[in-house]
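Chains, contacts and geometry: an overview
This is what each chain is made of:
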2 protein chains.
Amino acid sequence: MATQRRSPDATRRNPAVRRAILTAALELAAEVGYAQLSIEGIAARAGAGKQTVYRWWPSKGAVLFDALLMLSEGDADQAAELPDTGDLEADLKTVLRATVEELNDPRISEPMRALAVEMLIDPALAADYTERLDRPVKDLKRRRLRAAQAAGQLATDADIDLAVELIWGPLRNRWLYREGPLTAEFADAVVEAALNGLRPQPPAAG
Amino acid sequence: MATQRRSPDATRRNPAVRRAILTAALELAAEVGYAQLSIEGIAARAGAGKQTVYRWWPSKGAVLFDALLMLSEGDADQAAELPDTGDLEADLKTVLRATVEELNDPRISEPMRALAVEMLIDPALAADYTERLDRPVKDLKRRRLRAAQAAGQLATDADIDLAVELIWGPLRNRWLYREGPLTAEFADAVVEAALNGLRPQPPAAG
C-alpha cells in the first residue's frame, strides 16, 4: 500500500477547494478519530466531490499529511528557534509544557494520531513526513542541544540524536499509546530525568 | 472499530486448527507485512476456511495478538525475572542487546509491528494487549529497577515508570519508526545515557 503522492500541480488547481478539504480532514479527524475517518466523509464535510479528493490524494493519510503541513506552514513559530535563555533545563520545560498543551487539544492530536497510524502502514508516506515535517523540527531540537553542549551544559560526548529521543520520546509515547495523563508535571519530570540520569546524584556543591 | 474478543471457549474447539491459523498469521506477517496481511491469506496458508478464522477472531489484529500470546506462552523465559548480577548497567545491556536481536528478526518484529498498528486503531485491542502481554513484561522491568533502587544504584526518588520509558523507549521508537539501525552499540548507548543522564559527569572518584 505504498503512497503515490499527487503531483504538486494538481493540488494548486483550486486553492479554495484544497483548503476546504484539508480543513474538513482536520475537523473530522478530531471529531471521529482515525478508524471512522473516510475520504467520503471528508468530501461531504468540504462540500466537494469524492472524486475530487481521490484525484488529488491517494489515501486519507495523504490528506492528513497535507493538512498538518498546512497547519505548520501557517504557524509563525515554525521558522523560529527553540528558546535559549541560557538555562537548558528551564527552556526544555517551557518547550515540553507547550507540547503537552498541544497534545491535549484534540484538534491537533487526533489528526496527528491518525497520521501516525498511516505512517506505520505506509513507508512512502513516512519518508515524506520525515523529510518535510519531522526533520525541520528535529533540526531545531538538535541546534538547541548543540548550543547547550557548547555552553558546557551537556556532556561533550553526548549523542545528540539519542538526547533528542530521551527528552522528547517519553512524551510522544505516553501520548501515542495513551499510557497516562499528559501534564506539565510529567513534562518537567522527563526533562529532569533525561538531563540528570537515573543514578543517585552527587551532593550539590556549596 | 472496537474489537469484540471471541469467547475463550471458541478457540479451544480445535487446538490443532487454532495453532495452524496462529502460525500462519506469524509467518505471513513476517513475509508480506501489515498492509498485505489479510484474513483470507491467513486462512489459505493454514488450510482453513475463511469463515473459521472470522468465527474465532474479529480482525487480523486479534489473530496476531493471540499468535504473539502463543509465542510468549511457549517462551520458557516468560516467567523468569530479568537478570540480576548486582550490576544494573551490565544487566540492562544484556537485556537490551537481546531485544535488539529479536527486533532484527522479521519473524518476531513484523507481527509485532502489525499488532502495534492495530493497537493504535483499536483501543479495545490495545487494552487487551496491555493487560495480557505488556503488563507482565513491564512488571519484570519495574521489579529489576526497584531492586537496583534498594541497592542504591538508582536514585531513591527516581520515578520507576519514567525510568522504564527512558531505558526501553528509545529502542522501541527507533524500531517502530525505522529511525535508524538497531545495534548492540545503540543498546549500550541508551543504557548509559539513561542511567547517567545527559549532563557532564563529575570526575570519577579516584
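To keep things clear, this report deals only with the structure shown in the data block. Not measured: the values here are computed from a predicted model.

Residues and elements named next belong to chain B. Topologically, Glu 118 is positioned in helix H7 (residues 106–121). In this structure Glu 118 is buried but unpaired, with Lys 60 as the nearest side chain of opposite charge at 4.9 Å. For Glu 118, the side chain forms a polar contact with the main-chain nitrogen of Gly 61, separated by 3.4 Å.

Let us look at the side chain of Glu165(A). Mapped onto the elements of the fold, Glu165(A) is located in helix H9 (residues 160–176). You can call Glu165(A) buried: its relative accessible area is 12%. Apart from residues no more than four positions distant in its own chain, Glu165(A) is found in contact with Pro170(A), Arg172(A), Gly169(B), Pro170(B), Asn173(B) and Glu179(B).

The next thing to look at is the relation of the copies chain B and chain A. When chain B is brought onto chain A, the operation consists of a screw motion whose angular component is 180° and whose axial shift is 0.0 Å, with 0.1 Å RMSD remaining. These values place the two chain copies in the arrangement generated by a two-fold rotation axis. Measuring from the rotation axis to each C-alpha of chain B, the shortest distance belongs to Gly197(B), at 1.6 Å. Take the interface residues of chain B: 100% of them recur as interface residues in chain A, which is what a same-surface contact looks like.

Once that is clear, we can look at the interface of chain B and chain A. Facing the 38 residues of chain B at the interface are 38 residues of chain A. Buried area between chain B and chain A, summed over both chains or domains, comes out near 3700 Å², and the portion from carbon and sulfur atoms is 64%. If you sort the residues of chain B by the area they bury against chain A, Leu120(B), Leu198(B) and Arg199(B) come out on top, with a joint share of 22%. For Arg199(A), the salt bridge goes to Glu89(B), with nearest N and O atoms at 2.8 Å. The interface formed by chain B and chain A includes 14 residue pairs in polar contact (both at pLDDT 80 or more). Counting only elements with at least two residues in the side of chain B that touches chain A, the list comes to helix H2 (15–36), H7, helix H9 (160–176) and helix H10 (184–196) of chain B. Considering each element in turn, the side of chain B that touches chain A owes the most residues, 10 residues, to H9(B). Per-class residue counts for the side of chain B that touches chain A are 25 nonpolar, seven polar and six charged.

All right, on to the packing of H9(B) against H10(B) then. All names here are of chain B. Two numbers describe how H9 lies on H10: the axes approach to 8 Å, and their chain directions differ by 145°. Every pair of crossing elements has a handedness; the one defined by H9 and H10 is right-handed. Residue-level inspection shows Leu 166, Ile 167, Pro 170, Leu 171 and Arg 174 of H9 in contact with H10, the latter providing Phe 186, Val 190 and Ala 194. Among the residues making up the contact of H9 with H10, the classes are represented as seven nonpolar, no polar and one charged.

Procedures and definitions
- Residues numbered from 1 in each chain as written.
- Chains lettered and ligands numbered in written order.
- Predicted model: local features only at pLDDT ≥ 70, side-chain atom pairs only at ≥ 80, totals over all residues.
- Heavy atoms only, no water.
- Helix = DSSP H or I, 4+ residues; strand = E, 2+ residues; numbered from the N terminus.
- Buried < 20%, exposed > 50% of the residue type's maximum accessible area, 1.4 Å probe, protein only.
- Lys, Arg positive; Asp, Glu negative; His and termini not counted.
- Salt bridge = Lys/Arg side-chain N within 4 Å of Asp/Glu carboxyl O.
- Polar contact = N/O pair within 3.5 Å; in protein donor to acceptor, adjacent residues only side chain to side chain.
- Contact = heavy atoms within 4.5 Å.
- Least-squares fit on C-alpha atoms with pLDDT ≥ 70 in both.
- Buried area = accessible area lost by both parts, 1.4 Å probe.
- Nonpolar A, V, L, I, M, F, W, Y, C, P; charged D, E, K, R; others polar.
- Axes fitted to C-alpha atoms, helices over the stretch in contact; angles between N-to-C directions.
- Left-handed = near helix turned anticlockwise from the far one by under 90°.

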